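# Coordinate inspection notes
If you want the building blocks of each chain, they are given just below.
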Amino acid sequence: MADADLLIKNARVVRPDDPSTDDPAAVDIAVSGGVVTAVGPNLPVARADRVLDADGLLAFPGVIDAHQHWGIYQDLAADTDSESRACAQGGVTTALTYMRTGRYYLNRGGAYRDFVPEVLDRMAGRAFVDHALHLAPMTTEHIAEIPSLIKEFGVISFKIFMFYGGHGLHGRSADQADFLMIPATERYDLAHFEFVMRGIQHARKRFGPGLSLSLHCETAEIMAAYTALVEQDPTLTGLRAYSASRPPHSEGLAITMASYLAHETGLANINLLHLSSAKAVAAALTMAKAFPQVDFRREVTIGHLLADVDTAHGIGGKVNPPLRERPDVEALWRHLLAGEIDWVVSDHACCRDEQKFGPDRDDVFAAKSGFGGAEYLLPGLVGEGRKRGLPLSRVAALTAWNPARRYGLRGKGTIAAGFDADIVLVDPDARWTVRATDSESAQEYTPFEGFEMTARVTDVFLRGHRIFGDGRVQGDPRGRYLRRDPA
Ligand SMILES: [Zn+2]
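Heads up: these notes are all about the structure in this document. (Residues numbered from 1 in each chain as written. Predicted model: local features only at pLDDT ≥ 70, side-chain atom pairs only at ≥ 80, totals over all residues. Heavy atoms only, no water.)

Cis peptide bonds are those with omega within 30 degrees of zero, and the linkage from Asn320 to Pro321 qualifies with -10°. By secondary structure assignment, the location of Pro321 is in the loop between α10 (302-306) and α11 (326-337). Phi at His274 takes a positive value of approximately 25°, unusual for a residue other than glycine. With respect to the element layout, His274 can be found in the loop between β11 (269-272) and α9 (278-290). Assessed through its relative accessible area of 1%, His274 is described here as buried. (Helix = DSSP H or I, 4+ residues; strand = E, 2+ residues; numbered from the N terminus. Buried < 20%, exposed > 50% of the residue type's maximum accessible area, 1.4 Å probe, protein only.)

Set out below in structure tokens:
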């Protein structure tokens, strides 16, 4: 009989893509040294330092939120603290956060060999959850740095923001001249994206097949033209106007170009981020058929699944790509239920009130893009998914197993012997109403305000340490920076 650091009794463990756990029986989970050592009924544990009776609550693997933006609008150190608390509150035990040079974040350009140590330094000792970096090669120098980013910092996933070179981050509100902070001799355009892909593919041959490239797919020229049209149309306001200014075919076109470039460059691992519309998913599925040698993954956000242009409480819901009309939301759910979406993320980007809104609080084009939502990812997907027939085992795949495998998080993604004891207890019958004031995030508002949740995160464990329980974040920040291996 073994000892354990932690014994969780009577937990109904949900396993990724294991339909036998869609209505799971209660079992025990034993944890030692931060790792799950056994899962089963009535585990014979001689002595446990801590015992917690889960009393029949569901146990999900800790959420791997594969798309966040720590430090985009406020100091990275402060953001790491407050936004990782919001992660803990929502059952997110690993956050993969996108980082780049240029305006926002650290507000500087330069080489990643100088930039990344500063990023890691500002995050160190402040995160309540484990975390890793995706990096965006913005310059020719960054492409040349890819091998050293893999070796020195364990970064194996990269990003392209397809519209930045022509449209900035916020459209009209962007100070585009110095937005990218790249050398005057360079352009952030399709040719650059091709060479990013060639750089990653070159590194894949040398270091291993685990490297992947994520793309934010929107087309600058379409958005610039439609923004001009929409601004002259007095019948369109708020989020409805913003969605019309960045129409779904702008996503479809960018997906098509990105996929052809992946085919041309032989880069096999492509992640199509935050697909927001029926046209975007249709384009992504068409490209998967056209280029079967490319291993595509398709991502959606909880924001695009829970909110539309009418429910998001005004322009606090401004985000790229935009929240859409209801038919697009329903299309995303259909594709999710059909197994055509690989993971669900928050795209968490804390944007405080004073940053979010322009001088005219109702001018959507003057507002900043992005909002937080890690707190609502798992409860929102469990609750809303249940109403729509999404099996629990599929939720575990979409929020943990699938992103863990794609992004090289070997010890994470399920509750099983040998895996990190990242565990979220969920009450699937608890009803509560989203209030921004109840969130651990520094963001004062939320597009989910008033949403009626039908599932609640009650306890969260990170490598066996209880980081959330009794309605609040627990203990000191124990989150680790995760170096990843491309092999
Ligand atoms: Zn994002």
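Back to the text.
As a further point, take the pattern of salt bridges. Under the criterion given, the structure shown has 36 salt bridges. Here Asp75 ties to Arg122 by a salt bridge, and the two come within 3.2 Å at their closest N and O atoms. A residue pair is termed long-range when its members are at least 10 positions apart, and Asp75 in the loop between β6 (63-68) and α1 (76-90) and Arg122 in helix α2 (residues 112-123) qualify at 47 residues. Residue class for Arg122 comes out partly exposed when judged on its relative accessible area of 24%. (Salt bridge = Lys/Arg side-chain N within 4 Å of Asp/Glu carboxyl O.)

Another point: the pairing of strand β14 (residues 423-427). Within β14, four of the five residues are buried, which leaves it mostly tucked inside the rest of the structure. The pairing of strand β5 (residues 58-61) with β14 spans four bridges and is antiparallel. Opposite Phe60, over in β14, you have Val424 as the bridge partner. Across five bridges, the pairing between β14 and strand β17 (residues 456-462) is antiparallel. Note on β17: the bridge partner recorded for Val424 is Val460. (Pairing = 2+ DSSP bridges.)

What follows deals with the environment of Gln232. Examined against the element boundaries, Gln232 turns out to sit in the loop between α6 (220-231) and α7 (238-245). When the C-alpha positions of Gln232 and Phe115 are compared, they lie 42 Å apart, and in sequence the two are 117 residues distant.

Per the stated rule, a full pass over the model turns up 14 aromatic pairs. Arranged with centres 6.1 Å apart and planes meeting at 65°, the rings of Tyr260 and Phe291 form a pair that is edge-to-face. With Tyr260 in helix α8 (residues 248-265) and Phe291 in the loop between α9 and β12 (295-301), this residue pair connects regions lying 31 residues apart in the sequence. Looking at Phe291, the relative accessible area reads 12%, which means it is buried. (Phe/Tyr/Trp six-rings, centres within 6.5 Å; stacked < 30°, edge-to-face > 60°.)

Turning next to the packing of helix α5 (residues 190-207) against α8. Relative to each other, α5 and α8 sit at 45°, their axes nearing to 9 Å. Judged by the inter-axis angle, α5 sits oblique to α8. At the point where α5 passes α8, the crossing takes the right-handed sense. On the side of α5, the interface is formed by Leu190, Phe193, Glu194, Met197, Arg198 and Gln201, while α8 contributes Met257, Ala258, Leu261, Ala262, Glu264 and Thr265. (Axes fitted to C-alpha atoms, helices over the stretch in contact; angles between N-to-C directions. Parallel < 35°, antiparallel > 145°, perpendicular 65-115°, else oblique. Left-handed = near helix turned anticlockwise from the far one by under 90°. Contact = heavy atoms within 4.5 Å.)

Structurally, Asp130 is set in strand β8 (residues 130-135). We classify Asp130 as buried; its relative accessible area is 0%. Within the structure, the side chain of Asp130 is placed 2.9 Å from the side chain of Lys412, a separation counted as a polar contact. Once you skip the residues sitting within four places of it in the chain, Asp130 turns out to touch Thr93, Thr94, Ala95, Lys412, Leu462, Arg463, Arg478, Gly479, Arg480 and Leu482. (Polar contact = N/O pair within 3.5 Å; in protein donor to acceptor, adjacent residues only side chain to side chain.)

By the element assignment, Asp459 lies in strand β17. You can call Asp459 buried: its relative accessible area is 9%. Of note is the side chain of Asp459, whose polar atom sits 2.9 Å from the side chain of Thr458.

When the terminal C-alpha atoms of α2 are compared, their 16 Å separation across 12 residues agrees well with the 16 Å that a helix rising 1.5 Å per residue should span. All buried positions along α2 are accounted for by Tyr112, Phe115, Val116, Val119 and Met123. For α2, the buried positions fall inside an angular range of 95° around the axis, keeping them on one side. Elements that come into contact with the buried residues of α2 comprise α1, β7 (92-99), β8 and α3 (140-153). Two residues or fewer after α2 comes Gly125, characterised by a positive phi angle close to 75°. (Expected span 1.5 Å × (residues − 1). Arc of directions from axis to C-beta.)

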